[in-house]
Amino acid sequence: MDQRTYAALLASQSGVASRRQLHDASVAPHDLKRLLRRRELVRLHDGIFIDHTGTPTWLQRAWAGVLLAWPAALCDESALRADEGPGRTGRDDRTIHVAVDRQRSLAVPAGYRLHRLAGFDDLVQWNRSPPRVRIEEALIAVAARRPGDLDAIAVLADAISARRTTPERLGTCLAERRRIPRRAFLRDVLADLDHGTCSVLEHGYLTRVERPHGLPVAARQVRDSLRGPLYRDVVYTDLGQVVELDGRLWHDSVEARDADLDRDLDAAVSRLGTVRLGWGQVYARPCRTAARVGELLTARGWGGRIIRCAACPEDLPMAG
């Protein structure tokens, strides 16, 4: 047995290897029996081995799934989980999603879900560890299956906000996927994200407050380097008005609050007014919010008129 090759194989795959890989690393059948007898390797699945006797980590389970179905790659939620790395939160880790070529037929153990993809080879990043479909493919697939519109927007907006992809790349991926649920909705969301909305709350402000009520078109994610680089959510540049969308609910920190106050002070130094809106103003009371923002912009010199959307109450006063 070539000890160096064997050790390098396990190190590159989080301690997981297949029988075929061990054979290619010069681990003879009698070597494998000895390693199993000494508990230096443990059988995780048929033909798949791990180098400890404890509970496998998520990454080790992911490697096992890819090797079980080889040639295969992580996809959907599992591809996103792998791309985010160990610091991620909020994903369901119970099921490992594994993709193979559309023409293949095989079974996988409990805890794994198999996806058959057309054009499989062209979708996979084989150099990643473990191999996985491109992030754009995974994001579009996950967003298309989310039950609610806000959930679907969040999948795309969060990835774009984290600079893990761009609306352009996602749009190209969507155009190449001919059979995808909610295609028109996702296309419209990506068009809005391409205009600078980088969160569910920002998208809600655009589509529920600004656009349906005829408010002027604002600049979005405007870079301001007065005290180092930062981005302002919505800026009505000619009117000197900033709208910050604060998506935090009841969880906050002294540091985050202090940073917000600094941002507002910097805006005042630049002769910009700042208002902060949250979930209630955007999603619970968008018409009332639009009326008040319109009144604020009118006071700052806007010459337009607020229009009523289909949901606006008749007794709601509108500025302009």
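Anything mentioned here points back to the structure above.
Reading the values: the criteria
- Residues numbered from 1 in each chain as written.
- Predicted model: local features only at pLDDT ≥ 70, side-chain atom pairs only at ≥ 80, totals over all residues.
- Heavy atoms only, no water.
- Helix = DSSP H or I, 4+ residues; strand = E, 2+ residues; numbered from the N terminus.
- Buried < 20%, exposed > 50% of the residue type's maximum accessible area, 1.4 Å probe, protein only.
- Contact = heavy atoms within 4.5 Å.
- Areas by Shrake-Rupley, 256 points an atom, 1.4 Å probe, with all protein chains shown as cover.
- Axes fitted to C-alpha atoms, helices over the stretch in contact; angles between N-to-C directions.
- Parallel < 35°, antiparallel > 145°, perpendicular 65-115°, else oblique.
- Nonpolar A, V, L, I, M, F, W, Y, C, P; charged D, E, K, R; others polar.
- Salt bridge = Lys/Arg side-chain N within 4 Å of Asp/Glu carboxyl O.
- Core = buried A, V, L, I, M, F, W, Y, C linked by side-chain atoms within 4.5 Å.

**Quick word on the overall build of the protein chain**
Inference 1: What the protein chain contains, in helices and strands, is 14 helices and 12 strands.
Inference 2: Among the 320 residues that make up the protein chain, the fraction classed as buried is 46%.
Inference 3: A sequence separation of at least 24 residues applies to 56% of the contacts in the protein chain between residues at least 6 apart.
Inference 4: When the accessible surface of the protein chain is summed, it comes to about 16,700 Å², and 51% of that surface belongs to carbon and sulfur atoms.

**What to know about the packing of helix H7 (residues 135-145) against helix H8 (residues 149-161)**
Inference 1: Contact geometry of H7 with H8 gives a least axis separation of 7 Å together with a crossing angle of 155°. The angle between H7 and H8 falls in the class roughly antiparallel. Contact residues: H7 offers Leu139, Ile140, Val142 and Ala143, while H8 offers Ala152, Val155, Leu156 and Ala159.
Inference 2: By residue class, the composition of the contact of H7 with H8 is eight nonpolar, no polar and no charged.

**So, the pattern of salt bridges**
It is possible for side chains of opposite charge to pair when their charged atoms get near one another.
Inference 1: Scanning the model with the defined rule gives 15 salt bridges in all.
Inference 2: When the shortest N-O distance is used, the salt bridge between Arg134 and Glu137 registers 3.3 Å.
Inference 3: With a relative accessible area of 4%, Glu137 lands in the buried category.
Inference 4: Taking the shortest distance from any N to any O, the salt bridge between Asp149 and Arg182 comes out at 2.7 Å. Remark: Arg182 occurs in the loop between helix H9 (167-176) and helix H10 (183-194) and Asp149 occurs in helix H8; sequence separation between them is 33 residues.

**Remarks on the nonpolar core**
Inference 1: Formed by 50 residues in total, the largest nonpolar core has its most connected members in Leu139, Ile140, Leu156, Tyr205, Leu215, Tyr236 and Leu245.
Inference 2: The element best represented in this core is H8, accounting for eight residues.
Inference 3: Non-local contacts of Tyr205, meaning those with residues more than four positions away in its chain, are made with Glu210, Leu215, Arg220, Val234, Tyr236, Val243, Leu245, Leu277, Val282 and Val293.
Inference 4: In this structure, Ala82, Ile96, Val98 and Tyr112 belong to the second largest nonpolar core, which totals 19 residues.

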